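Residue strings, one per chain:
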Amino acid sequence: MFSKETYIQRRQELKRLVGSGVVLLFGNNEAPANYPANAYSPFRQDSSFLYYFGLHRDGLVGVIDIDNDLETLYGDDIDIEDIVWYGAVESVSNMAQQAGVAHSSPMMGLRMYIDRVLGEHRDIHFLPPYRHDTRIQLMDLLGMHPRLQKEMASLRLIQAVVSQRSTKSAEEIELIERACDVGYLMHTTAMRLIKPGVTERYVGGQVDGIARSYAQGVSFATIFSQHGEIMHGAPSGQQLEAGRLALCDAGCELDGYCSDNTRTMPVGGRYTQRQIDIYRIVEECHDHVLQVARPGVKYMDVHFAVCRLMTERLKELGLMRGDTDAAVSAGAHAMFLPHGLGHMMGMDVHDMEGLDQINVGFDQETRPNLTQFGTNCLRMGRRLQQGFVVTDEPGIYFIPALIDEWRQSGHCKEFLNFDLLETYKDFGGVRIEDDLLITADGCRFLGHKRIPYHPKDVEAFMAGETHA
């Protein structure tokens, strides 16, 4: 939790941006895994509630009455049965004081308050709910069916939250740096363990254990697989095989802030020449972002700069052909890169994605292309600003089903060498990802140590020639 003044200032700015009405910010409740007493652990607070109140306890709702300049924290104090099992926690009134909130009330008072606001015909602002229990709370309070709640969520509140949370303060950046330091330990642990005969599940489990040992846990389900062509490949019981590539995409959450990195490593400790040929292209694209990303530049333009560079290099290998600009315009590069260059990151690994990506990664100037394969997965396109944190994660993947589908349909056949693509169906995929802070005059990667990613550095680390 930051200082009380941080949360007071954030709520003051929120009131200024929204202007009038009543803001409802729901904290999360415990989420049962398979029966009520066995909840998912550790508890994860709603990020926007955490941003404005800093409180990690379940069962809380923050109400900001802009018209009357009144803030109230609603929640019930725990009873003796909970104390027996889970220990004592702060009272709701004490937590309100810690967050700089003047008033607190038991949860039953929320319904009476909302009934009064509804009777006064004042605007009630809420964010799109993503948990079923929150949808039920909203239905009980506002009489609004869950299927209507997303479209009835307040655009003014969404835009205000996005405006505030997009730009990270110095204290937020410090926490992200610390999370990236744990990410370094996670990925270097994977590098040490990757050997023929070890299972994907074992390596993935050890990576998760680092996150639980040094932070609150993972910021998303760890991706670790020899099938790097599968974007979200979960660790399986399959044994690692010499000569294949293992892709690890993992990050942690530390004190409410995330890290997100990807490395692609050779199972036998040495990249083959064919792997190096592809890896070098991804490496060059990854590093190119450092040269072009800066305040005022659209991240969509950075994405397409990477796509053009990738296309040029793939043409040199004979996998692509024809005019580069025409190929990228047609979306031919999406055969190899079917996702966007990156996304916002902060309190959520895909920061604020629950507020709808069109509100987070785009604006009135920059709109997404939802019809072209690959480009429709671009999560971040708007102009960069100082204090933004975005991921830089180019990749090249050889997806057998996609190769077959495009070959059969003739899609982009003038730009793709399908005969050569056939020989890469057993390749897998390569992705390199780091977290990027936009600075006053450019950008830099976050984290005090760089996870090895240049091929010689990866090979040396895996051979034990360099140390963490």
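This write-up is about the structure you can find in this document.

Tallying secondary structure elements over the protein chain gives 17 helices and 18 strands in all. For a compact globule of 468 residues, the expected C-alpha radius of gyration is about 23 Å, and the protein chain comes in at 24 Å, within 12% of that figure. Dimensions of the protein chain along its principal axes, counting C-alpha atoms only, are 70 × 50 × 40 Å. Computing the positive centroid from 45 side-chain charges and the negative centroid from 64, the protein chain places the two 3 Å apart.

Moving on: empty space enclosed by the protein. Following the criterion strictly, the structure yields one cavity of 30 Å³ or more and no others. One number sums up the size of the largest cavity: a volume of about 30 Å³. Around the largest cavity, the lining residues are C180, Y184, N261, D434, L446, G447, K449, R450 and I451. Split into classes, the residues belonging to the lining of the largest cavity amount to four nonpolar, two polar and three charged.

A word on the sheet that holds strand β9 (residues 223-225). Reading across from one edge, β9-β10-β13 is the order of the three strands in this open sheet, with antiparallel pairing throughout. The two strands at the open ends of the sheet, each matched to only one other strand, are β9 and β13 (261-266). Within this sheet the neighbouring strands show an average axis-to-axis angle of 10°, counted without direction. Summarising the sheet, β9 and strand β10 (residues 245-250) pair through three bridges and their orientation is antiparallel. Across the sheet, I223 pairs through a bridge with D249, a residue of β10.

Ranked by size, the top nonpolar core spans 144 residues in total, and within it L14 and F336 carry the most contacts. Among the elements that take part in this core, helix α9 (residues 170-193) stands out by supplying 10 residues, more than any other.

Taken in spatial order, the three strands make up an open sheet running β14-β17-β18, and their pairing is antiparallel. Sheet topology places β14 (389-392) and β18 (443-445) at the edges, where each strand pairs with a single neighbour. Averaged over all pairs of adjacent strands, the angle between their axes in this sheet comes to 35°, without regard to strand direction. Pairing between strand β17 (residues 434-438) and β18: three bridges, direction antiparallel. By the bridge assignment, L436 is partnered in β18 with F445.

Of note, I451 is situated in the loop between β18 and α17 (455-462). In this structure, the C-alpha to C-alpha distance between I451 and M191, residues 260 residues apart in sequence, is 9.9 Å. Aside from chain neighbours lying at most four places away, what touches I451 is G183, Y184, H187, M191, N261 and R263.

Here we come to the pairing of β17. The buried count for β17 comes to five of five residues, which makes it a mostly enclosed element. Side-chain alternation along β17 places D434, L436 and I438 on one buried face and D435 and L437 on a second face that is also buried. Here β14 runs beside β17; their pairing, made up of four bridges, is antiparallel. Residue V389 lies in a different strand from β17, and its bridge partner there is L437. Where β17 folds back on β18, the antiparallel hairpin that results is connected by four residues.

Let's shift gears to the packing of aromatic side chains. As enumerated under the stated definition, the model contains 11 aromatic pairs in all. Judged by centre distance (6.2 Å) and plane angle (50°), the ring pair of F2 and Y257 falls under tilted. Separated by 255 residues along the polypeptide, F2 in the segment before α1 (4-18) and Y257 in strand β12 (residues 257-258) bring together distant segments of the chain. In terms of burial, F2 and Y257 fall into one category: buried. Among the aromatic residues, those joined into a cluster by ring pairs are F336, F398, Y424 and F427. The aromatic ring of Y51 is capped on one face by R10, whose charged end is 3.8 Å from the ring centroid. One Lys or Arg, R274, reaches over the ring of Y424 and ends 4.9 Å from the middle of that ring.

The next subject is the side chain of E200. Here E200 lies in helix α10 (residues 200-214). Here E200 is buried and forms no salt bridge, its nearest opposite-charge partner R244 lying at an N-O distance of 6.3 Å. Reaching out from E200, the side chain makes a polar contact with the backbone nitrogen of Q226 at a distance of 3.0 Å. Apart from residues lying up to four places away in sequence, E200 is in contact with F224, S225, Q226, A234, P235, S236, Q238 and L240.

It is worth spelling out the environment of G87 at this point. On the secondary structure map, G87 appears in the loop between α3 (80-86) and α4 (92-98). Residue classification places G87 among the partly exposed positions, given a relative accessible area of 26%. If we skip the residues at most four places from it in the chain, G87 touches I78 and D82.

One way to put it is that α9 packs onto α10 with a least axis distance of 9 Å and a crossing angle of 155°. When the axis of α9 is compared with that of α10, the two are roughly antiparallel. In this structure, α9 meets α10 at a crossing whose hand is right-handed. Note on element contacts: α10 touches α9 through Y202, V203, Q206, V207, I210, A211 and Y214, opposite V182, L185, M186, T189, A190 and L193.

What counts, and where the lines are drawn
Residues numbered from 1 in each chain as written. Predicted model: local features only at pLDDT ≥ 70, side-chain atom pairs only at ≥ 80, totals over all residues. Heavy atoms only, no water. Helix = DSSP H or I, 4+ residues; strand = E, 2+ residues; numbered from the N terminus. Rg over C-alpha atoms; globule rule 2.2 N^0.38 Å. Lys, Arg positive; Asp, Glu negative; His and termini not counted. Charge placed at Lys NZ, Arg CZ, Asp CG, Glu CD. 1 Å grid on protein atoms, 1.4 Å probe; cavity = no way out; pocket = protein on both sides within 12 Å on 5 of 7 lines; lining within 4 Å. Points joined across faces, edges and corners; volume = space filled by probe spheres on them. Nonpolar A, V, L, I, M, F, W, Y, C, P; charged D, E, K, R; others polar. Pairing = 2+ DSSP bridges. Axes fitted to C-alpha atoms, helices over the stretch in contact; angles between N-to-C directions. Core = buried A, V, L, I, M, F, W, Y, C linked by side-chain atoms within 4.5 Å. Buried < 20%, exposed > 50% of the residue type's maximum accessible area, 1.4 Å probe, protein only. Contact = heavy atoms within 4.5 Å. Phe/Tyr/Trp six-rings, centres within 6.5 Å; stacked < 30°, edge-to-face > 60°. Lys NZ or Arg CZ within 6 Å of the ring centre and 35° of its normal. Salt bridge = Lys/Arg side-chain N within 4 Å of Asp/Glu carboxyl O. Polar contact = N/O pair within 3.5 Å; in protein donor to acceptor, adjacent residues only side chain to side chain. Parallel < 35°, antiparallel > 145°, perpendicular 65-115°, else oblique. Left-handed = near helix turned anticlockwise from the far one by under 90°.

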